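# A closer look at the structure
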Amino acid sequence: MKRNSSTKKEQQFWAYTFLFFPLMLLAIFVFIPILFSLVISFFDWELMASQQNFLGINNFIEIFGDKIFYKAMLNTVLYTIGVVPIQTMLALFLAFVMNQKIRGRTFFRTAFYIPAVTSSVVTSIIFVAIYSKEGLLNSILGIFGFAANDWLTNPHTALISIMMLNIWTTSGYFMVSFLAGLQNIPNSLYEAAKLEGATKRQQFWHITVPMVRPVTYFVVVMSLIGCFQVFDQVFVMSDGGPNNATTTMSYYVYQNAFRYFRLGYGAATAIVLAGIIMIVTVIQKKYFPPNPY
Amino acid sequence: MATIEIKNLQKTYPNNHYAIKGIDVSIQEGEFVVLVGPSGCGKSTLLRMIAGLEDISGGDLFFNDKLMNSVHPKDRNIAMVFQNYALYPHMTVYDNMAFGLKLKKMPKAEIYQRVTDAAKTLGLTEYIDRLPKEMSGGQRQRVAIGRAIVRQPDVFLFDEPLSNLDAKLRVQMRTEIKRLHRKLRNTMVYVTHDQIEAMAMGDKIVILKDGVVHQIDSPINLFRHPQNKFVAGFIGSPAMNFVSGEIVKEEGLYFVTQGMKISIPPPLQVSMEKYLGKSVDMGFRPEYVYDKGLEKERRLSTDVEIEILVVENVGSETYNHFRLNGMDTIYSYRSSSSNVHIPGEKLTVGIDLERLHFFDVETEKSIL
């Protein structure tokens, strides 16, 4: 009667069986393409050609002399610097407010979260309308006497406009992460602080902020990666224009690979981007560890 | 230092649940008062109302004759020690203790002085730079106490501070808290569900059940003169035994139940007269049941025949659980560890007549 205890071999068999299919899917759609893009980054890859032209590291050398690549990198960095801190602070602030006993908090939580579950293409199209010359933003600003601006075609405001959209869509998403983190903070910490005379603001800075640090780490990493890879909003709203004012690195990868069909060069830029993201994440982990206490 | 006056204090929740149903307690300056009761009795709620962490729904709370009902917690000059310590995990021991003082903008030198003094008192000096996670439960609770001490409050409030510690440490810490009280002489209010802890620590014990005070008294009085059946059963371990029976009159008054006939001791004869022919509950503590073969000096009741069911030998003494002939209830009897019984043993015992308690069946009040 050994039916209830399967042998170790049996367990292993089923474990590998269940692992096989997801691993296969990941291999086909993730791992192999990554390796493949690494390979083609050393070629002048032509889709239809029977023989590919090996370039060595020439694609990478070209990148470092490419002005538009630098422009894309600068845009991406500006975008990240603009979005990540504001988004993180806003998400934490929203979560802190939503965690209080206020009227209609279920409604507000849902309202803030809806952008996160809406397709980014849809929200981008809506924002194109909002940002247009006759759009909502201009009519609201018009009430206060500001002149109408064509937000997305003005090189000075195009990038900022896309940043605002991104902050709006993702703050609600990260708010949920912070909410979960806040609910893990024992209430007695706030009570102890209250007895010691800490105001709500002091409680926020001395208890909430340090206590949600692991969540903050997660949020910053996720939003850093998200910002470095920003693509869909740019694609829908501005096509990288005007005059490359909104060309981000991801968009530049796409442009090279699928507009100019320079697949090898596109792959090389993608690899440089991946490298940059990795370096930034490692630096963050080293200097801002998730849980020092 | 402060006196606390609690007058008809009430706590009602929006769902019409009455957590505290009109409580009166007065606490003297420097007194160590323990609030004790089973879970859900309202003891923590009462403490949190004193602290200002819960609103007062009715009645008044005074500190030194000053109405405190709507005074903000930080202005009540109290310090509280929580069950889960409530230390700030990202701050060192020093910073945890200094936090409240920093908020008060106290000069750095004075903060340093107070914190190092408190650390010394509590034996925490060598841990001053540690984070809470690097310390044991007992040490953390000491930090929490230190955080209370440095503020030099009028009143210390303790909310089950020892519940998270293991049994041995709990006994050790309760001595330390008592020692601290002797040294500081502050008013302290201490909540626990553990009656032994309450008895060991309190100058005065408030027994609560279902949001009502059942008795306020010194530990020894609670043990000797419980005012009702609940207090009688709650205080003491193992708990008091209760038997239902009837009062009959022969040449004197007797309490009669199946296989047991006990003469009512003279001081109670008068008050028991009105229960003649009625049923009452009798209570007797396991400590006051004696083996008739061994005990010759005390005035014991008539013979009671028992059969031992279970024997718990805890070393210093033995708890024998038995059944009175024919009845289902299991009673207990404490014997010395030298007088060890075995399960199944039949025995003749007597109850110390001076240690009997009688309770009105309806009101559950002690018949005195």
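Being a predicted model, the structure only gives us computed values, none of them experimental.

## Remarks on the overall build of chain B
Within chain B one finds nine helices and 20 strands. The C-alpha extent of chain B, read off along each of the three principal axes, is 80 × 45 × 35 Å. Each of the 368 residues in chain B was classed as buried or not, and the buried ones make up 37%. A fraction of 66% describes how many contacts in chain B between residues 6 or more apart in sequence connect residues 24 or more apart.

## Notes on the overall build of chain A
Scanning chain A for helices and strands turns up 13 helices and two strands. In terms of overall dimensions, chain A has a C-alpha envelope of 85 × 75 × 35 Å along the principal axes. Partitioning the intrachain contacts of chain A with sequence separation of at least 6 by distance along the chain shows that 69% fall at a separation of at least 24.

## Things to note about the domain arrangement of chain B
Domains assigned within chain B are domain 1 (4-230) and domain 2 (241-360). Spacing between the C-alpha centres of domain 1 of chain B and domain 2 of chain B amounts to 39 Å.

## Brief notes about the sheet that holds strand S4 (residues 58-63) of chain B
Residues and elements named next belong to chain B. On the basis of which strands lie adjacent, the open sheet formed by four strands has the order S2-S1-S4-S5 and antiparallel pairing. Because the sheet does not close on itself, it has two edges, and the strands there are strand S2 (18-27) and strand S5 (66-67). Pairing of strand S1 (residues 4-12) with S2 involves seven bridges; the strand directions are antiparallel. Among the inter-strand pairings, Ile6 is bridged to a residue of S2, identified as Val25.

## Quick word on the nonpolar core
Membership of the largest hydrophobic core comes to 115 residues, with the highest contact counts inside it found for Met80(B), Leu157(B) and Val189(B). Residue contributions to this core peak at six residues, all from helix H2 (residues 93-103) of chain B. Core analysis: the next-biggest nonpolar cluster, separate from the first, contains 35 residues, Ile63(A), Ala158(A), Tyr265(A) and Ala267(A) among them.

## Focus on the domain arrangement of chain A
Residues and elements named next belong to chain A. Examined at the domain level, chain A breaks down into domain 1 (9-54) and domain 2 (66-287). On a C-alpha basis, the centres of domain 1 and domain 2 stand 31 Å from each other. Counting from both sides, the interface comprises eight residues of domain 1 and, opposite them, seven residues of domain 2. Secondary-structure elements contributing two or more residues to the side of domain 1 that touches domain 2 are helix H1 (8-40) and strand S1 (43-44). Looking at the side of domain 1 that touches domain 2 element by element, the count peaks at three residues for H1.

## Some remarks on the sheet that holds strand S3 (residues 32-36) of chain B
Strands pair in a sheet through their backbones, by hydrogen bonds, and they do so in one of two ways: parallel or antiparallel. All names here are of chain B. Pairing in this open sheet of six strands is mixed, and the strands run S6-S7-S8-S3-S9-S10 from one edge to the other. This sheet does not close on itself; its edge strands, each paired only once, are strand S6 (78-81) and strand S10 (212-217). Averaged over neighbouring strand pairs, the angle between their axes works out to 15° when direction is ignored. With five bridges joining them, S3 and strand S8 (residues 187-192) adopt parallel strand pairing. Residue pairing for S8: Leu35 is matched across the bridge by Val191.

## Some points on helix H10 (residues 213-228) of chain A
All names here are of chain A. Taking 1.5 Å as the rise per residue, H10 with 16 residues should run 22 Å; its terminal C-alpha atoms sit 22 Å apart, in good agreement. Regarding H10, the residues found buried are Val215, Thr216, Val219, Ser223, Cys227 and Phe228. Along its buried surface, H10 packs onto helix H3 (67-98), helix H7 (158-183), helix H12 (249-259) and helix H13 (263-287).

## Quick notes on the interface of chain B and chain A
Interface size is often expressed as the accessible area that is lost when the parts come together. Contacts between the two partners involve 19 residues from chain B, matched on the other side by 14 residues from chain A. Of all the secondary structure elements, the ones that give two or more residues to the side of chain B that touches chain A are S6 and H2 of chain B. A breakdown of the residues in the side of chain B that touches chain A according to their chemical character gives 13 nonpolar, three polar and three charged.

## Points about the environment of Gly233(B)
Residues and elements named next belong to chain B. Take Gly233: it is sitting in helix H8 (residues 229-234). The class for Gly233 is partly exposed, based on 16 C-beta atoms found within 10 Å. Taking the C-alpha atoms as reference points, Gly233 and Gln215, 18 residues apart in sequence, are found 13 Å from one another.

## Notes on unusual backbone geometry
All names here are of chain B. Here the bond from Ser237 into Pro238 is cis, since omega is -5°, no more than 30 degrees from zero. Positive phi values are uncommon outside glycine, yet Gln152 reaches one of about 45°. With respect to the helices, strands and loops of the structure, Gln152 is situated in the loop between helix H4 (137-149) and strand S7 (155-159). At Glu364, a position not held by glycine, the phi torsion is positive, near 65°.

## Details of the environment of Ser271(B)
Residue and element names in this part refer to chain B. One can find Ser271 in helix H9 (residues 266-272). For Ser271, a count of 13 C-beta atoms within 10 Å corresponds to the partly exposed category. Placed 96 residues apart in sequence, Ser271 and Ile367 show a C-alpha to C-alpha distance of 7.0 Å. Discounting residues that sit within four places of it in the chain, Ser271 has contacts with Ile367 and Leu368.

## What to know about helix H3 (residues 108-121) of chain B
The periodicity of an α-helix, 3.6 residues per turn, causes residues three or four positions apart to be oriented the same way. All names here are of chain B. Taking 1.5 Å of rise per residue, 14 residues should cover 20 Å, and H3 covers 20 Å from first to last C-alpha, within 8% of that figure. Residues Ile111, Val115, Ala118 and Ala119 constitute the buried set of H3. Buried residues in H3, looked at end-on, bunch into an arc of 100°, giving them a common side. Of the residues in H3, the exposed ones pointing more than 90 degrees away from the buried face are Ala109, Glu110 and Lys120. Just past H3, the residue Gly123 takes up positive phi, approximately 70°.

Definitions and cut-offs
- Residues numbered from 1 in each chain as written.
- Chains lettered and ligands numbered in written order.
- Predicted model: local features only at pLDDT ≥ 70, side-chain atom pairs only at ≥ 80, totals over all residues.
- Helix = DSSP H or I, 4+ residues; strand = E, 2+ residues; numbered from the N terminus.
- Buried ≥ 20, exposed ≤ 12 C-beta atoms within 10 Å, placed from the backbone.
- Contact = placed C-beta atoms within 7 Å.
- Domains from an automatic or database assignment.
- Pairing = 2+ DSSP bridges.
- Core = buried A, V, L, I, M, F, W, Y, C linked by C-beta atoms within 7 Å.
- Axes fitted to C-alpha atoms, helices over the stretch in contact; angles between N-to-C directions.
- Expected span 1.5 Å × (residues − 1).
- Nonpolar A, V, L, I, M, F, W, Y, C, P; charged D, E, K, R; others polar.
- Arc of directions from axis to C-beta.

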